[in-house]
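Secondary and tertiary structure notes
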Amino acid sequence: MQTNKQDIRALSKEELRAFFETKGEKAFRANQVYEWLWSKGAHDFDAMTNLSLPVRQMLEDNFVINHIHLDKVQKSADGTIKNAVRLFDGLVVESVLIPTETRTTACVSSQVGCSLDCNFCATAQLKRMRNLTPDEIYDQVLAINNESKQYHNRSLSNIVFMGMGEPLMNYNNVMKAIDKITGDEGLGMSPKRITVSTSGLPKMIKKMADDEVKFKLAVSLHSAVEEVRNEIMPFSKNFPLPELLQSLKYWYQKTKSKVTFEYVVWKGINDTSKDIQALVKFCKQVPCKVNLIEYNPIDDGVFQQADEQAINAYINALENNGIVAKVRRSRGKDIDAACGQLANKNI
């Protein structure tokens, strides 16, 4: 339900302190409220049991907590869990818990829909409706952390910004969310366990480097041949490969953090020796590793998973040139939770 009241989570702790002081209350109340909002993930003011009823009522009168609701939770045969996350204004995004024997990873969304137009991705077929706020991003992580504890008896170990949307087109909110996720007053996760995946926006990659971020960077490359990349990812015409490469060199120079290239191989599109040699040449110019990703169909039939022979040719060529490469098998395909499949199909 929408309201004209301000979402209390948009306030800094200092602003909360100032609010309490103007109401004649002790400033330390802000610390208590902040802990409830972030560490404990309170969904309403009544949950804040160490505050008096009048203080809780005062908060109720002045603010709202626009928390998410898990509209639908689907479980895959392989243990993957997909959440349909309903936002306060009725819009829906999806997030995914991906378990392995040793860790659980949260795949979170940063936009409702997507700003880009990658032809192989179901999410890109949804128009971008709006950016997610920092607390909506944080809430997805908190919900998956709770599911990880419930189903796997352990806390979340990794986070990837590989859900719906282009994270670098919601830069400020994504950075604020990561600050909360990694902060002592939030989840206290190490930034080294967080990966932000972009389709390749050179200006924003440089900005991240200048901002001295501590998390990891992944780039959805899919082709190191300009005309092929432009065909499958039309927006990339505005961001030529030499410009992208220059930004990635800058990233490594500033952060000393290797780039991960996410790369899907499709039959008849990027499965030739020319494609392989172009990728090898590109990779040799910046410290990196390559994840070859199993393709997950989105029903149009244009894009098809390449033959195993082509995948092996990529692996052999990369490894022979000293480039770390591995095949990443998709999980959650039976519930449309795999890479490129998030499209609110079941809502």
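Residues numbered from 1 in each chain as written. Predicted model: local features only at pLDDT ≥ 70, side-chain atom pairs only at ≥ 80, totals over all residues. Heavy atoms only, no water.

1. A word on the overall build of the protein
Of regular secondary structure, the protein possesses ten helices and 14 strands. Of all 347 residues assigned to the protein, the portion counted as buried reaches 54%. The long-range fraction of contacts in the protein, counting pairs at least 24 apart against all pairs at least 6 apart in sequence, stands at 65%. When the accessible area of the protein is evaluated, it comes to approximately 15700 Å², of which 47% is carbon and sulfur surface. (Helix = DSSP H or I, 4+ residues; strand = E, 2+ residues; numbered from the N terminus. Buried < 20%, exposed > 50% of the residue type's maximum accessible area, 1.4 Å probe, protein only. Contact = heavy atoms within 4.5 Å. Areas by Shrake-Rupley, 256 points an atom, 1.4 Å probe, with all protein chains shown as cover.)

2. Re the pairing of strand 5 (residues 92–99)
Here strand 5 lies mainly inside the structure; seven of its eight residues are buried. Pairing of strand 4 (residues 81–86) with strand 5, which is carried by six bridges, proceeds in the antiparallel orientation. Considered in strand 5, the bridge of Ala84 is made with Glu94. Counted along the chain from strand 4 to the antiparallel partner strand 5, the turn is five residues long, and its residue Gly90 has a positive phi close to 95 degrees. Where strand 5 and strand 6 (residues 104–107) come together, four bridges link them in antiparallel fashion. Opposite Val96, over in strand 6, you have Cys107 as the bridge partner. Adjacent in sequence and paired antiparallel, strand 5 and strand 6 are bridged by four residues. (Pairing = 2+ DSSP bridges.)

3. Focus on helix 1 (residues 13–22)
All of the buried residues in helix 1 are Lys13, Leu16, Phe19 and Phe20. Looking straight down helix 1, one finds that the buried residues subtend no more than 115 degrees of arc, so they occupy a single side. Among the exposed residues of helix 1, those pointing more than 90 degrees away from its buried face are Glu14, Glu21 and Thr22. For helix 1, the elements touching its buried residues are helix 2 (29–38), helix 3 (53–62) and strand 2 (63–64). Looking one or two places after helix 1, you find Gly24, whose phi comes out positive at around 75 degrees. (Arc of directions from axis to C-beta.)

4. Structural notes on the environment of Glu147
Among the structural elements, Glu147 can be located in helix 4 (residues 134–152). Among the residues examined, Glu147 registers a relative accessible area of 6% and is labelled buried. Sequence spacing of Glu147 and Thr104 is 43 residues, and the spatial spacing of their C-alpha atoms is 9.8 Å. Not counting residues up to four positions away in its chain, the partners in contact with Glu147 are Leu70, Val73, Ile81, Asn83, Leu97 and His152.

5. Focus on unusual backbone geometry
Not every positive phi belongs to a glycine, and His222 is a case in point at roughly 70 degrees. When you line up the elements, His222 lands in the loop between strand 11 (216–220) and helix 7 (226–232). When its relative accessible area of 3% is taken as the criterion, His222 is described as buried.

6. Some remarks on the pattern of salt bridges
If you walk through the whole model with that rule in mind, you get 14 salt bridges. Measuring nitrogen to oxygen at the nearest pair gives 3.4 Å for the salt bridge that ties Lys207 to Asp211. Overall, Lys207 belongs to the partly exposed group, its relative accessible area being 34%. On the basis of relative accessibility, which here comes to 40%, the residue Asp211 falls in the partly exposed class. Residue Glu227 pairs with Lys274 through a salt bridge whose shortest N-O separation is 3.6 Å. Placement of the pair is Glu227 in helix 7 and Lys274 in helix 9 (residues 273–283), with a sequence separation of 47 residues. A relative accessible area of 53% places Lys274 in the exposed class. (Salt bridge = Lys/Arg side-chain N within 4 Å of Asp/Glu carboxyl O.)

7. Focus on the packing of helix 6 (residues 202–210) against helix 8 (residues 241–255)
Packing of helix 6 against helix 8 leaves a shortest axis separation of 9 Å and a crossing angle of 5 degrees. By the angle class used here, helix 6 and helix 8 are roughly parallel. Here helix 6 contributes Pro202, Ile205, Lys206, Met208, Ala209 and Asp210 to the contact with helix 8, which in turn contributes Glu243, Leu244, Gln246, Ser247, Leu248, Tyr250, Trp251, Lys254 and Thr255. (Axes fitted to C-alpha atoms, helices over the stretch in contact; angles between N-to-C directions. Parallel < 35°, antiparallel > 145°, perpendicular 65-115°, else oblique.)

8. A few points about a negative patch on the surface
A cluster of acidic residues, Asp44, Asp46, Glu60 and Asp61, forms a negative patch at the surface. In this structure Asp44 comes out as partly exposed when scored by relative accessible area, which is 38%. (Patch = residues over 30% accessible without salt bridge, like charges linked within 9 Å, V, L, I, M, F, W, Y side chains within 5 Å. Lys, Arg positive; Asp, Glu negative; His and termini not counted. Charge placed at Lys NZ, Arg CZ, Asp CG, Glu CD.)

9. Some thoughts on a positive patch on the surface
Together, Arg103, Lys192, Arg193, Lys214, Lys216, Lys258, Lys289 and Lys326 give the surface a local cluster of positive charge. Structurally, the position occupied by Lys216 is in strand 11.

10. Here we look at the confidence of the model for the protein
Looking at the protein as a whole, its pLDDT mean stands at 90, while 89% of the residues score no less than 70. When the criterion is pLDDT under 50, residues 337–347 qualifies, and its contacts beyond four places in sequence or with other chains add up to 51 contacts. (pLDDT = per-residue confidence, 0-100.)

11. Section: the sheet that holds strand 10 (residues 194–198)
As summarised here, the arrangement of the ten strands in space is 3-4-5-6-9-10-11-12-13-14, forming an open sheet in which the pairing is mixed. Of all the strands in the sheet, the pair left with one neighbour each is strand 3 (69–75) and strand 14 (324–328). Ignoring strand direction, the axes of neighbouring strands in this sheet form an average angle of 20 degrees. Note: strand 6 against strand 9 (residues 158–161), three bridges, orientation parallel. What sits directly across from Ala106, in strand 9, is Ile159. Each of strand 9 and strand 10 is contacted by helix 5 (residues 171–182), which is oriented at about 165 degrees to strand 10, the strand it contacts most. Against the sheet, helix 10 (residues 308–320) makes contact with strand 12 (259–264), strand 13 (288–293) and strand 14, and its axis sits at roughly 160 degrees relative to strand 14, the strand it touches most.

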